[in-house]
Protein chains: 2
Amino acid sequence: MAGNYSVQRETIYQVLKSTKTHPSADWVYRRCRDVLPGIGLATVYRNLELLVEQGRAIKINVAQGKDRYDADVTPHFHTVCPICGKVSDCDTDGVIAKALDGECERRGYQGWSLIFTDVCPDCRSIKQIKISRSDQ
Amino acid sequence: MAGNYSVQRETIYQVLKSTKTHPSADWVYRRCRDVLPGIGLATVYRNLELLVEQGRAIKINVAQGKDRYDADVTPHFHTVCPICGKVSDCDTDGVIAKALDGECERRGYQGWSLIFTDVCPDCRSIKQIKISRSDQ
DNA sequence: GCAAAATTGAGAACAATTCTCATTTTATTT
DNA sequence: AAATAAAATGAGAATTGTTCTCAATTTTGC
């Protein structure tokens, strides 16, 4: 594997590793520009994709809007807020993850992706406000 | 709910109900045109979205490419082929589905979406050919 | 330090989906 | 069944997220 290093690539990986917000490519791009003002958006897309191929990151495909990336490659799953699209880690005892791994093993599947729908705390409170307003 | 009927809407729903292929909006559009040559693509998108809102269909968000729709709204999950993108139903004993429903109940989530990655039979055989070719 | 290979940045290109709006269809009222 | 109001349509423009192209630059291996 010749090459496989560049300032940009390393920066992108560090930015991704430094957050738990499951950011979009665009968010990573903006954060990278703080350090490397000249970095291009295509470079960010390219390298995020490469990190996924290398198994150093995962891509989370949410219903509407942009794909999200995560440098946490340990098996885990996510909740997505159906209102704002926010992605959060799902704290779990691991029983379900183990069951899914087992299912893959038995059936020869390559992997799984599990997403729960959950209105996030922020949207929950805004929803409350809306409900009480329309009640008046 | 005034209205809620149109020839187009009904046709779109019938087309979707008539297949197990988890089609894209575009595929539904082409099938509808056999019956209604003048139907517009936007109408198909609009109504598929409406069917989802009404709980008469689900939308399956696959990694790359177009969203897929399914008129089977009973809880079940899918495999997606990482090569050609084909979506198939996952025959299951229901244990996992029950576990996920239970998790939603306990945590107050609204729902779940589970997708397994599985190279489909077609792509599996093409892969074999490719492997044996590059072996020569 | 030099040549080959890999990577970059900029913007064009692309694909899927959504939006706009004048026209048509459907529902409601009389 | 005519008139009116409400809902939905088709066409194409617009938008969005992502990928592609390619000349210039950076990195690698000697």
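Note on numbering: residues in each chain are counted from 1, in written sequence order. Working convention: letters from A go to chains and numbers from 1 go to ligands, in the order in which they are written. Since the coordinates come from a predicted model, pLDDT governs what is reported: local features require at least 70, and pairs of side-chain atoms require 80 or more to be given and counted, while whole-chain, interface and lining totals use all residues. Derived side-chain values reflect all non-hydrogen atoms in the structure, with water molecules and hydrogen atoms excluded from consideration.

A. Representation of the sheet that holds strand E4 (residues 87-89) of chain A in the model. Across the sheet, six strands lie side by side as E4(A)-E3(A)-E5(A)-E5(B)-E3(B)-E4(B); this open sheet has mixed pairing. Looking at which strands have only one partner, the edges of the open sheet turn out to be E4 of chain A together with strand E4 (87-89) of chain B. On average, each strand axis in the sheet is inclined to that of its neighbour by 30°, with strand direction left out of account. What makes two strands pair is DSSP finding at least two bridges between them. Secondary structure is summarised from DSSP: a helix means a run of H or I of at least four residues, a strand means a run of E of at least two, and numbering begins at the N terminus for each. By the bridge criterion, three bridges tie strand E3 (residues 78-80) of chain A to E4 of chain A in an arrangement that is antiparallel. A fitted line through C-alpha atoms represents every axis, and for helices the fit uses only the stretch in contact; the resulting angles, taken between N-to-C directions, go from 0 to 180 degrees.

B. Region of the structure containing the relation of the copies chain A and chain B. For this overlay, a least-squares fit was computed on C-alpha atoms, restricted to residues scoring pLDDT of at least 70 in both copies. When chain A is fitted to chain B, the best match, at an RMSD of 0.1 Å, comes from turning it 179° and sliding it 0.0 Å along the axis. A rotation of that kind, with that shift, is consistent with a two-fold axis. By C-alpha distance to the rotation axis, the residue of chain A lying nearest is Leu-114 of chain A, at 2.2 Å. Comparing interface residues between copies, 96% of those in chain A also sit at the interface in chain B, which points to an isologous, same-surface contact. Whether two residues are in contact is decided by their heavy atoms, any of which lying within 4.5 Å being enough.

C. Looking closely at the pairing of strand E5 (residues 111-117) of chain B. Among the seven residues in E5 of chain B, five count as buried, and that is most of the element. Both strand E5 (residues 111-117) of chain A and E5 of chain B contribute to a ladder of seven bridges, which runs antiparallel. Bridging across to E5 of chain B, Ser-113 of chain A finds its partner in Ile-115 of chain B. Examined bridge by bridge, strand E3 (residues 78-80) of chain B and E5 of chain B share three bridges and lie parallel to one another. What sits directly across from Val-80 of chain B, in E5 of chain B, is Thr-117 of chain B. For each residue, the accessible area found with a 1.4 Å probe, counting protein chains only, is set against the maximum for its type, and the residue is called buried under 20%, exposed over 50%, and partly exposed in between.

D. Molecular detail of the interface of chain A and chain B. With 26 residues of chain A in contact, the opposing surface of chain B contributes 25 residues. Buried area, as used here, totals the accessible surface that two parts lose on assembly, with accessibility defined by a 1.4 Å probe and the loss added over both. Each partner contributes to the roughly 2000 Å² buried at the junction of chain A and chain B, and carbon and sulfur atoms together form 52% of this total. Think of a salt bridge as a Lys or Arg side-chain nitrogen and an Asp or Glu carboxyl oxygen that are within 4 Å of each other. Here chain A is connected to chain B by zero salt bridges. Whenever two N or O atoms come within 3.5 Å, that pair is a polar contact, provided that in protein one can donate a hydrogen and the other can accept it, and provided that, for residues adjacent in sequence, both atoms are side-chain atoms. Across the chain A-chain B interface, the total number found is ten residue pairs in polar contact (both at pLDDT 80 or more). Elements represented by at least two residues in the side of chain A that touches chain B include exactly helix H4 (95-107) and E5 of chain A. Considering each element in turn, the side of chain A that touches chain B owes the most residues, seven residues, to E5 of chain A.

E. Representation of the environment of Gly-38 of chain A within the structure. All names here are of chain A. One can find Gly-38 in the loop between helix H2 (25-35) and helix H3 (41-53). On the basis of relative accessible area, Gly-38 is assigned to the exposed category, the value being 72%. Residues Gly-38 and Gln-8, spaced 30 residues apart in sequence, show a C-alpha to C-alpha distance of 9.9 Å.

F. How the structure looks around the nonpolar core. Residues grouped as a nonpolar core are buried Ala, Val, Leu, Ile, Met, Phe, Trp, Tyr and Cys residues, joined through side-chain atoms within 4.5 Å. Trp-112, Leu-114 and Phe-116 of chain A together with Trp-112, Leu-114 and Phe-116 of chain B are the most contacted members of the largest nonpolar core, which has 20 residues in total. Secondary structure elements with two or more residues in this core: H4 and E5 of chain A together with helix H4 (95-107) and E5 of chain B. With residues up to four places along the chain from it excluded, the contact list for Phe-116 of chain B reads Leu-100, Glu-103, Cys-104, Tyr-109, Gly-111 and Trp-112 of chain A together with Phe-77, His-78, Thr-79, Val-80 and Cys-90 of chain B.

G. Structural detail: the domain arrangement of chain A. All names here are of chain A. For the purposes of this description, domain bounds are those given by an automatic or database domain assignment. Looking at the assigned domains, one finds that chain A contains domain 1 (1-72) and domain 2 (74-136). Opposite the ten residues of domain 1 that make contact, domain 2 presents ten residues. Carbon and sulfur atoms supply 52% of the area that domain 1 and domain 2 bury against each other, a total of about 760 Å² over both sides. Remark: the boundary between domain 1 and domain 2 carries zero salt bridges. Across the contact surface, domain 1 and domain 2 share seven residue pairs in polar contact (both at pLDDT 80 or more). For the side of domain 1 that touches domain 2, the secondary-structure elements that each account for two or more residues are strand E1 (58-60) and strand E2 (68-70).

H. Broad picture of unusual backbone geometry. Residue and element names in this part refer to chain A. Positioned with a positive phi, His-22 is a non-glycine residue whose angle comes to about 55°. With respect to the element layout, His-22 can be found in the loop between helix H1 (7-17) and H2. For His-22, a relative accessible area of 2% puts it in the buried group.

I. Up close: the protein's contact with DNA strand C. A molecule or strand has a residue near it when one of that residue's heavy atoms lies within 4 Å. Near DNA strand C you find 20 residues, and of these Ser-6, Arg-9 and Thr-43 of chain A together with Tyr-45 and Lys-66 of chain B are the closest. In the environment of DNA strand C, a sugar or linking oxygen lies 2.9 Å from a nitrogen or oxygen atom belonging to the side chain of Gln-8 of chain A. When grouped by side-chain class, the residues that make up the surface near DNA strand C number seven nonpolar, eight polar and five charged. Gly is placed with the polar residues, together with every amino acid not listed as nonpolar (Ala, Val, Leu, Ile, Met, Phe, Trp, Tyr, Cys and Pro) or charged (Asp, Glu, Lys and Arg).

J. Geometry of the packing of helix H1 (residues 7-17) of chain B against helix H3 (residues 41-53) of chain B. Residue and element names in this part refer to chain B. Packing of H1 against H3 brings their axes to within 10 Å, and their N-to-C directions diverge by 70°. What the angle tells us is that H1 and H3 run roughly perpendicular. Judged by the twist between their axes, the crossing of H1 over H3 is right-handed. Facing Gln-8, Arg-9, Ile-12, Tyr-13 and Leu-16 of H1, the residues of H3 in contact are Thr-43, Val-44, Asn-47, Leu-48, Leu-50 and Leu-51. Among the residues forming the contact of H1 with H3, the class breakdown is seven nonpolar, three polar and one charged. Put simply, angles under 35 degrees are roughly parallel, angles over 145 are roughly antiparallel, angles from 65 to 115 are roughly perpendicular, and the rest are oblique. The crossing is said to be left-handed when, going from far helix to near helix, the turn is anticlockwise and less than a right angle, and right-handed when the turn is clockwise.

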